[in-house]
Amino acid sequence: MTPSITTITAKKLVGTSVTMSFANNKTGLLWQTFMPKRNAIQHTNNNDLYSLQLYPSSIIENGFSFDTQFEKLALKEVSSFDNIPEGMQPFVLPAGLYAVFHYKGLSTDTTIFDFIFKTWLPQSGYVLDNRPHFEILGALYKNNDPASEEDIYIPIKLK
């Protein structure tokens, strides 16, 4: 699987967040909280959903552990931060270079990330950058369905 390499512009997003680790995965709870309220978000640019991870900078130097705490966010892109619904917060996704992997399959299948971090990244001319990792869940995304499709954005910079 070969990613496309793209530079994104900064984006305004609104949503909810939770602190978690893979050992204490709260992804289901995050989305159960966000989904009923998502239509209250005003000034949306499209219907895409963002699943975004803010990993600590230490993972770039020390590697990732199953117990590493990070922040996970469920978001929608907006044109304005006016009238943010109660219980939600604004987030600015900074501009930058990303490797974009189009993935088809179950979101619970982590083999794509093994491929990205253990095979593709070491063989590429890039290293991880300390910016958010995210997935765009668009019209072809179907939760818990093997035919589901999403785009995985990995922040990179030249070696």
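To be clear, the structure that these remarks concern was listed above.
Since the structure is predicted, the reported quantities are computational estimates derived from the model, not experimental observations.

About the criteria used
- All residue numbers here refer to positions counted from 1 along the written sequence of the relevant chain.
- Per-residue local features of the predicted model are confined to residues with pLDDT of at least 70, and side-chain atom pairs are confined, for both listing and counting, to 80 or more; whole-chain, interface and lining totals are unaffected and use all residues.
- For the side-chain quantities, the full set of heavy atoms in the structure was used; hydrogens and water were omitted.
- Numbering of helices and strands runs from the N terminus; a helix is a DSSP stretch of H or I covering at least four residues, while a strand is a stretch of E covering at least two.
- Residues are treated as being in contact if the distance between any of their heavy atoms lies within 4.5 Å.
- Only protein atoms enter the 1 Å grid, on which a cavity is a set of points fitting a 1.4 Å probe that cannot get out and a pocket is an open set with protein on both sides within 12 Å along at least 5 of 7 lines, lining residues being those with an atom within 4 Å of a point.
- Grid points are joined across faces, edges and corners, and a volume is the space filled by probe spheres set on the points.
- Under the scheme applied, nonpolar residues are Ala, Val, Leu, Ile, Met, Phe, Trp, Tyr, Cys and Pro; charged residues are Asp, Glu, Lys and Arg; polar residues are all the others, including Gly.
- Three labels apply to residues, based on accessible area from a 1.4 Å probe with only protein chains included: buried if under 20% of the type maximum, exposed if over 50%, partly exposed otherwise in between.
- For the charge count, each Lys or Arg is scored as positive and each Asp or Glu as negative, with His and the chain ends excluded.
- Each reported salt bridge corresponds to a side-chain nitrogen of Lys or Arg within 4 Å of a carboxyl oxygen of Asp or Glu.
- It is the directions from the helix axis to the C-beta atoms whose arc is reported.
- To count toward a patch, a residue needs a relative accessible area above 30% and no salt bridge. Like charges then connect within 9 Å, nonpolar side chains (Val, Leu, Ile, Met, Phe, Trp, Tyr) within 5 Å.
- Only the protein chains shown count as cover for residues, and all accessible areas are computed by the Shrake-Rupley method using a 1.4 Å probe.

Participant: I keep staring at the side chain of H133 and nothing clicks. Help me out?
Facilitator: Tracing the sequence through the fold places H133 in strand 8 (residues 133–137). In contact with H133, not counting residues within four places along its chain, are S51, L52, Q53, Y55, F117, L128, Y153, I154 and P155.

Participant: Explanation requested: the layout of surface pockets in the structure shown.
Facilitator: One simple way to see leftover space: roll a probe sized like a water molecule over the atoms. Estimates place the volume of the largest pocket at around 1300 Å³. Taken together, 39 residues make up the lining of the largest pocket; nearest its centre are F22, Y55, K72, T110 and F113. Looking at the lining of the largest pocket, the elements with two or more residues in it are helix 1 (27–34), strand 3 (49–54), helix 2 (58–62), helix 3 (111–123), strand 8 and strand 9 (149–158). With six residues, helix 3 is the largest single contributor of residues to the lining of the largest pocket. Within the lining of the largest pocket, the residues separate by chemical class into 20 nonpolar, 13 polar and six charged.

Participant: Sorry if this is basic, but what is going on with the side chain of E150 here?
Facilitator: Relative to the helices and strands, E150 resides in strand 9. Look at E150: it is buried, it has no salt bridge, and the nearest opposite charge is K72 at 8.2 Å. Beyond its immediate chain neighbours, meaning those up to four positions away, E150 contacts F101, H102, Y103, S107, E135, I136, L137 and Y141.

Participant: What is the right way to read the environment of G125 from this model?
Facilitator: With respect to the helices and strands, G125 occurs in the loop between helix 3 and strand 7 (126–128). Here the alpha-carbon distance between G125 and K157, two residues 32 residues apart in the chain, equals 8.5 Å. Among residues more than four places away in sequence, those in contact with G125 are K157, L158 and K159.

Participant: I tried to follow helix 1 on my own but got confused; where do I start?
Facilitator: The periodicity of an α-helix, 3.6 residues per turn, causes residues three or four positions apart to be oriented the same way. Along helix 1, the residues that are buried comprise L30, W31 and F34. Viewed along the axis of helix 1, the buried residues span an arc of 90°, placing them on a single side of the element. Looking at the buried side of helix 1, the elements it contacts are strand 2 (11–20), strand 3, strand 4 (70–78) and strand 8.

Participant: Looking at this structure, I do not really get a nonpolar patch on the surface. What am I missing?
Facilitator: Together, F22, F64 and F66 line one region of the surface with nonpolar side chains, adding up to about 310 Å² of accessible area. By secondary structure assignment, the location of F22 is in the loop between strand 2 and helix 1.

The quantities given are spatial measurements derived from coordinates; they are silent on function.
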